[in-house]
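# Fold and contact review
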Amino acid sequence: NHFVFTDLTVSHQSCLTDRPLDQPIAPDLVVFGEVGLAGELRQVTHAKRRLAEAARLGFRRAIVPANSPDGGTGMSLLRVATVAEALAAASLGSP
């Protein structure tokens, strides 16, 4: 199986935060989820497998949609419902 990890792209950053988004996220943090039109984060397929692969690659924390299943990998899961919450959890959004 082949997994592709991508970061969440926010095209209208000025609507979500007053801080620039050109800051890198922590190197031990992985983020995944599907972004809805209203900015909500939705669960993606194979979430447990994605978390297992991320743990294998050395990630220790994950920002995931609120309804994602537990990964059983020992990773710290930060559950969020919206892109704005994800940005704040990654220390990129408004304080």
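Above this note sits the structure.
Residues numbered from 1 in each chain as written. Predicted model: local features only at pLDDT ≥ 70, side-chain atom pairs only at ≥ 80, totals over all residues. Heavy atoms only, no water.

### Some details on the packing of aromatic side chains
- For the coordinates displayed, the defined rule picks out zero aromatic pairs.
- Sitting above the plane of the Phe32 ring, Arg50 keeps its charged end 6.0 Å from the centroid. (Phe/Tyr/Trp six-rings, centres within 6.5 Å; stacked < 30°, edge-to-face > 60°. Lys NZ or Arg CZ within 6 Å of the ring centre and 35° of its normal.)

### Describing helix H2 (residues 47-56)
- Looking only at H2, the buried set comprises Ala47, Leu51, Glu53 and Ala54. Down the axis of H2, the buried side of the element spans an arc of 165°, and every buried residue falls inside it.
- The inward-facing, buried residues of H2 contact strand S1 (29-31), strand S4 (61-65) and strand S5 (76-80).
- With its phi angle positive at about 105°, Gly58 sits one or two positions after the end of H2. (Buried < 20%, exposed > 50% of the residue type's maximum accessible area, 1.4 Å probe, protein only. Helix = DSSP H or I, 4+ residues; strand = E, 2+ residues; numbered from the N terminus. Arc of directions from axis to C-beta. Contact = heavy atoms within 4.5 Å.)

### Description of the pattern of salt bridges
- The full count for this structure, using the stated rule, is six salt bridges.
- Here Arg60 ties to Asp28 by a salt bridge, and the two come within 3.0 Å at their closest N and O atoms. On the criterion of sequence distance, the pair formed by Arg60 in the loop between H2 and S4 and Asp28 in the loop between helix H1 (13-16) and S1 is long-range, its members being 32 residues apart.
- With a relative accessible area of 12%, Asp28 lands in the buried category.
- One salt bridge in this structure joins Glu40 and Arg42, with 2.8 Å as the shortest N-O distance.
- Relative accessible area serves as the criterion here: at 24%, Glu40 is assigned to the partly exposed category. (Salt bridge = Lys/Arg side-chain N within 4 Å of Asp/Glu carboxyl O.)

By themselves, these are just geometric observations and shouldn't be taken as functional.
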